[in-house]
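# Inside the fold
The chain contents come next:
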Amino acid sequence: MSDFTPWLYDPKLSFADNLRLGPFGDFDKKPAYKNNGEPQYDFFGTKVYSPFGIAAGPLPQAKFVKSALDRGYDIVTFKTVRSHLYPVHPEPNTFPLEYKKFDPKKPSETYTVKGTYDFPLTLANSFGIPSFEPDIWQKEIKESFKLLGKGQALLVAFQGTLQPDGREKFIEDHVYGVGKLRETGARLIEINLSCPNEGHSNLLCFDIETSTEIVKQVKLTYPDLNLIVKLSYFYDDGHLREFVEAVGPYIAGIAAFNTLQSQIIDKKGERAFNGPATRAIAGVSGEAVKHLCIDMVQRLADHRQKLNADFKIVGVGGVQTVEDFHNLRRAGADYVMGLTGVMWNPNLAAEIKASL
Ligand SMILES: Cc1cc2nc3c(=O)[nH]c(=O)nc-3n(C[C@H](O)[C@H](O)[C@H](O)COP(=O)(O)O)c2cc1C
């Protein structure tokens, strides 16, 4: 099957043109999804109609948030922002990939791009978490909050930028940037500790000491915030337990996981993403990683129980069908979010609601 119709993101266009022209399709002409009855699920203090939502990525402006809410997505995440203007990587920024089950035992997986977007989809992306200046994204986020109706919740997300003058400045960047997000009225904020497109091989979440210091400083500065941290896949379960033990006291939730770092090559075996050499590595999402998301959610739930911790688990990775959603819930996810599957199927939220 290869009838991919762009909705939230058109891979044939640049990121700038997506912002200018999106969202796509004729959804604005269709009646908005109507929820019935009362919202039954608690999402960090807000009652929502279903525990399924859209993960950080395809909603960079209020108009995209509106489109998602109208299609029945009641938990929506505004695309991750930074404390300052940050450019997007050169286009293209996504490729569909040949399917291969992600093997976490390998030091590095390699994926080959293909020509068509097929279902179920495995995707590579390399945007680099671009960001506008805070005054621009603050306006969009405030507008997005105004769009929320009964049973709907907005999550906002932040990523720090590595500073040339060291760790303290990096931590300060988080405190400052999260503060700018808080000025929009947001009290639930996801901190991304796991972006694979930053051009360094060691993800922040694997550095438990720095991750803990960041989350602790942010929480001490703004005690009224509920923080979610977004992780990558932890292969070493002892390492994951250590992370949960150290960071657990400061957070309300863990989102697992981000796209997984891999080498992306074209059919000739050459680097698929052009530009800086660091782009040889990009993030893989969708079908290839879904077994690992189930595994990670199960282990997080296990650690939570053994450590008597009370954070919520947001399962993100490879959800493209109603069954994928239920598998993650059974594994222990309090909430489930999708991105690759949502980009493919605008009706996924409605299909999941019908199955609840
Ligand atoms: C096109 C694209 C853009 C993304 N942008 C972000 C982002 O801005 N911030 C973030 O934390 N994760 C981002 N992600 C990662 C997703 O939020 C999600 O964690 C990952 O894709 C795994 O879920 P999936 O398999 O359902 O796609 C992005 C992923 C894709 C495919």
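Residues numbered from 1 in each chain as written. Predicted model: local features only at pLDDT ≥ 70, side-chain atom pairs only at ≥ 80, totals over all residues. Heavy atoms only, no water.

## Section: the overall build of the protein chain
What the protein chain contains, in helices and strands, is 10 helices and 15 strands. In terms of overall dimensions, the protein chain has C-alpha extents of about 55 × 50 × 40 Å along its principal axes. Classification of the 356 residues of the protein chain by burial places 56% in the buried group. Nonlocal contacts in the protein chain, meaning residues at least 24 apart in sequence, comprise 74% of its contacts between residues at least 6 apart. (Helix = DSSP H or I, 4+ residues; strand = E, 2+ residues; numbered from the N terminus. Buried < 20%, exposed > 50% of the residue type's maximum accessible area, 1.4 Å probe, protein only. Contact = heavy atoms within 4.5 Å.)

## Comments concerning the packing of aromatic side chains
Where two aromatic rings form a pair, the distance of their centres and the angle of their planes describe that pair. Within this structure, the stated rule accounts for 16 aromatic pairs. Aromatic pair Tyr 9 and Phe 127: ring centres 5.4 Å apart, planes at 80°, arrangement edge-to-face. Of this pair, Tyr 9 sits in the segment before helix 1 (15-21) while Phe 127 sits in the loop between strand 7 (122-125) and helix 3 (134-147), and the two are 118 residues apart along the sequence. As far as burial versus exposure is concerned, Tyr 9 and Phe 127 are alike and both buried. When the ring of Phe 206 is compared with that of Phe 234, the centres are 4.9 Å apart and the planes differ by 75°; the resulting orientation is edge-to-face. A residue pair is termed long-range when its members are at least 10 positions apart, and Phe 206 in the loop between strand 9 (188-192) and helix 5 (208-221) and Phe 234 in the loop between strand 10 (226-231) and helix 6 (237-247) qualify at 28 residues. Assessed through its relative accessible area of 29%, Phe 206 is described here as partly exposed. (Phe/Tyr/Trp six-rings, centres within 6.5 Å; stacked < 30°, edge-to-face > 60°.)

## As for unusual backbone geometry
Here the bond from Phe 119 into Pro 120 is cis, since omega is -5°, no more than 30 degrees from zero. A cis amide bond links Ala 256 to the next residue, Phe 257, at an omega of 10°. Among the secondary structure elements, Phe 257 is positioned in the loop between strand 11 (253-256) and strand 12 (260-265). Located in the positive-phi region is Phe 44, a residue other than glycine, with phi close to 45°. Along the chain, Phe 44 turns up in the loop between strand 1 (41-43) and strand 2 (46-48). Exposure remark for Phe 44: the relative accessible area of 15% places this residue in the buried category. Positive phi values are uncommon outside glycine, yet Ile 129 reaches one of about 50°. Structurally, Ile 129 can be placed in the loop between strand 7 and helix 3.

## Side note on the sheet that holds strand 9
Strand order in the closed barrel formed by eight strands is 3-4-8-9-10-11-14-15, with parallel pairing between adjacent strands. With direction set aside, neighbouring strand axes in the sheet form an average angle of 25°. Inspection of the sheet shows strand 10 paired to strand 11 by four bridges, in the parallel sense. In the sheet register, Lys 230 faces strand 11, and the bridge partner there is Ala 255. (Pairing = 2+ DSSP bridges. Axes fitted to C-alpha atoms, helices over the stretch in contact; angles between N-to-C directions.)

## Some points on the site of the ligand
Around the ligand sit 22 residues in total, of which Ala 56, Thr 80, Lys 230, Gly 318 and Thr 340 are the nearest. The side chain of Lys 230 places a nitrogen or oxygen atom 2.7 Å from an oxygen atom of the ligand. For the ligand, an oxygen atom lies 2.8 Å from a polar atom in the backbone of Gly 286. Coverage of the ligand by the protein chains reaches 97% of its 610 Å² of free accessible surface. Classifying every residue of the shell around the ligand gives eight nonpolar, 12 polar and two charged. (Near = heavy atom within 4 Å. Polar contact = N/O pair within 3.5 Å; in protein donor to acceptor, adjacent residues only side chain to side chain. Areas by Shrake-Rupley, 256 points an atom, 1.4 Å probe, with all protein chains shown as cover. Nonpolar A, V, L, I, M, F, W, Y, C, P; charged D, E, K, R; others polar.)

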